[in-house]
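Summary of the model geometry
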Amino acid sequence: MQKMSYNIFLLAFVLGIGGTFQYGLQVSIINSPAEYIKSFIRETWLKRYGSPPSEEMITLMWSFVVSIYSIGGLLGSLSAGYLSVRFGRKKAMLFTNIPALLSATLVGLSRLCGSFEMIVAGRLFSGVCGGLALNIHLMYAGECAPRKLRGLIAITASTAIAVGKFVGFALGLREVLGVDALWPILMAANALPALIQLLTLPFFPDSPRYLLIDKKDKEGCIKAVKQLWGDGDHTAEIDDMMAEQEAIRGEKAKSVCDLFRDKAVRWQLITLFLVSSCMQLIGINVVYFYAYNVFIKAGIPPAQIHYVSLGVGITEILTTVLCGFLIERAGRKTLLWKSHAVMALALGLLTVTLSLQDSFFWVPYCSVALIFIFIMSFGIGPAGVLCSLPTEIFIQSYRPAAYVFNGATNWIQLFILGLLFPFIVEGLGSFCFIIFLTYCLSMAIFAFLVMPETKGKTMLQVMEEFNCLNYRGKKRQTALQQRNCSVMIVTRL
């Protein structure tokens, strides 16, 4: 077995630090300075207009600060496909750091300038960065990885999100930057990873698949492969890329509308939507919401809750790392259906324990254990496995559009759930978990019965498996398989 170069792992680290790490950081970093930012809005309003704002206005402004991030994320996701095709994965990834630096500048100077509008604008730009980074990072990493490491390299994106959340929690502690005088520096912390990526990513090549299939640059592809994977024999991998190039037959990158129109990717789109695009329906954010009350009931002092949150963050990091070791052994399909089944069971039991929270002294401890079981199952399953899904089930011409659709759907759901969640909790209480339990159970059944395994397979082999679903008729299926088979034989010859 030939030795793999460390450059592919260095690239995964560099992509992570300026990619999905930024998303995780922004998700968690906003919680700590909430009261300080509200006080700043109140003071600024008083200085400008001579009278204090109502509490309703403060709540509205704060909601706007939080929710504008999702709107920025949606804008970034919609732009990711065009940028990655027009400028390449590498240049598009470098471009994501510009809105990150703009965001850090605006938020960092907002207090000095006496403008809470700068915080809103900064959050919008950080959302654009997050939307671009989530899509381009996953696409870039997935296309650079060799087949045997495709799942592991893709999972580094999920690990980067978990590390970003942990760093955001850690920086928000009162002992670090979580005090009134330092909240602008805390909110501008995303400038550092952006600068690190801007200085290091130029030393790495663009995606080999992009260079060969989109740019028709075979020499550039071979050079990129050797730099990333080492000097071994990579003929089989390059042949697979050329076979995919032949299968595309020179077609240009497809649009999101083409995804909906083309029957050849019908079940790929259905799988992407149900399993990946609707990931917000798993209920991870709802579990985090209830975690605070559960920890209080279990006897943890309110002052120590922040440190318990760090423990939750470490758990998420460790489980995504564990997923990296399991994904190429157990396979994507097995990890997905089993983790969804465990999460459905945990949510069902959590519904019961939260209803009986005050009945027995040991019930809160059961709730704490169930929360950690749910988070571990989420990290081992969908949080890690779904990172590689769009790369593996779509061929090159459809891949950018698939990432745009997946990202945009996720951001829209995040925004809608953010608006409806308080009303859902108020109306249903702990029984709101039944909604998410139903989704998890449905996805466990779908992954087990319908979704094909992608471990160790080429993009064309995965496409052929989906063609069994897309084309039910035997004649059309046989003809399509013969065409793909002939393409692969001719390319290898």
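Here, the structure is the one placed above.
Description of the structure in this document. Owing to the predicted nature of the structure, the values given are computational and were not obtained by experimental measurement.

As for the overall build of the protein
Regarding its fold elements, the protein presents 25 helices and zero strands. A compact globule built from 493 residues would reach a C-alpha radius of gyration of about 23 Å, and the protein, at 23 Å, matches this within 12%. Structurally, the protein occupies a C-alpha span of about 75 × 50 × 45 Å along its principal axes. Taking the intrachain contacts of the protein between residues at least 6 apart in sequence as the baseline, contacts between residues at least 24 apart amount to 84%. Surface exposure of the protein reaches about 21200 Å², of which carbon and sulfur atoms provide 69%. Charge centroids of the protein, computed over 42 positive and 30 negative side chains, lie 5 Å from each other.

Examining the side chain of S388
Mapped onto the elements of the fold, S388 is located in the loop between helix 20 (382-385) and helix 21 (389-393). Non-local contacts of S388, meaning those with residues more than four positions away in its chain, are made with R150, A154 and R332.

Regarding the pattern of salt bridges
Counted by the stated rule, this structure contains 15 salt bridges. The partner of K38 in a salt bridge is E35, and the shortest N-O contact between them spans 3.8 Å. Here K38 pairs with E35, and both are found in helix 3 (residues 34-49), just three residues apart, close to one helical turn. We note a salt bridge from E392 to R150, for which the minimum N-O separation is 2.9 Å. Here R150 lies in helix 8 (residues 150-171) and E392 lies in helix 21, a separation of 242 residues in the sequence. Each member of the pair E392 and R150 is classed as buried.

Examining the nonpolar core
In terms of nonpolar packing, the biggest core is built from 68 residues, with L259, F374, F394 and F433 touching the most fellow members. Per-element accounting of this core gives the leading share, eight residues, to helix 18 (residues 332-355). F374 has contacts with I282, G283, I284, V287, M343, A346 and L347, leaving out every residue within four places of it along the chain. Within the second largest apolar cluster, 30 residues are counted, among which are A12, M93, A145 and F204.

Re the packing of helix 8 against helix 17 (residues 305-330)
Across the interface, helix 8 lies against helix 17 with an axial gap of 9 Å and an inter-helix angle of 175°. Taken as axis vectors, helix 8 and helix 17 run roughly antiparallel relative to one another. On helix 17, the residues that touch R150, G151, L152, I155, S158, T159, A162, V163, K165, F166, F169 and A170 of helix 8 are S309, L310, G313, I314, E316, I317, T320, V321, C323, G324, I327 and E328. Split by residue class, the contact of helix 8 with helix 17 holds 13 nonpolar, seven polar and four charged.

As for the packing of aromatic side chains
Both the distance between ring centres and the angle between the ring planes are used here to describe each pair of aromatic rings. Counted by the stated rule, this structure contains 10 aromatic pairs. Pairing Y69 with W411 gives two aromatic rings, centres 5.5 Å apart and planes at 65°, and the pair type is edge-to-face. Taken together, the positions of Y69 in helix 4 (residues 55-86) and W411 in helix 22 (residues 399-428) put the pair 342 residues apart, joining distant regions of the chain. For Y69, a relative accessible area of 4% gives the class buried. Of the residues examined, W411 reaches a relative accessible area of 3% and is grouped as buried.

Observations regarding the packing of helix 2 (residues 20-29) against helix 7 (residues 117-144)
Between helix 2 and helix 7, whose axes approach to 7 Å, the crossing angle comes to 140°. In this view, helix 2 runs oblique relative to helix 7, as classed from their interaxial angle. Both helix 2 and helix 7 take part in a crossing whose hand is left-handed. Listed contacts from helix 7 to T20, Q22, Y23 and Q26 of helix 2 are R123, S126, C129, A133, L134 and H137. In the contact of helix 2 with helix 7, the residues fall into four nonpolar, five polar and one charged.

What counts, and where the lines are drawn
- Residues numbered from 1 in each chain as written.
- Predicted model: local features only at pLDDT ≥ 70, side-chain atom pairs only at ≥ 80, totals over all residues.
- Heavy atoms only, no water.
- Helix = DSSP H or I, 4+ residues; strand = E, 2+ residues; numbered from the N terminus.
- Rg over C-alpha atoms; globule rule 2.2 N^0.38 Å.
- Contact = heavy atoms within 4.5 Å.
- Areas by Shrake-Rupley, 256 points an atom, 1.4 Å probe, with all protein chains shown as cover.
- Lys, Arg positive; Asp, Glu negative; His and termini not counted.
- Charge placed at Lys NZ, Arg CZ, Asp CG, Glu CD.
- Salt bridge = Lys/Arg side-chain N within 4 Å of Asp/Glu carboxyl O.
- Buried < 20%, exposed > 50% of the residue type's maximum accessible area, 1.4 Å probe, protein only.
- Core = buried A, V, L, I, M, F, W, Y, C linked by side-chain atoms within 4.5 Å.
- Axes fitted to C-alpha atoms, helices over the stretch in contact; angles between N-to-C directions.
- Parallel < 35°, antiparallel > 145°, perpendicular 65-115°, else oblique.
- Nonpolar A, V, L, I, M, F, W, Y, C, P; charged D, E, K, R; others polar.
- Phe/Tyr/Trp six-rings, centres within 6.5 Å; stacked < 30°, edge-to-face > 60°.
- Left-handed = near helix turned anticlockwise from the far one by under 90°.

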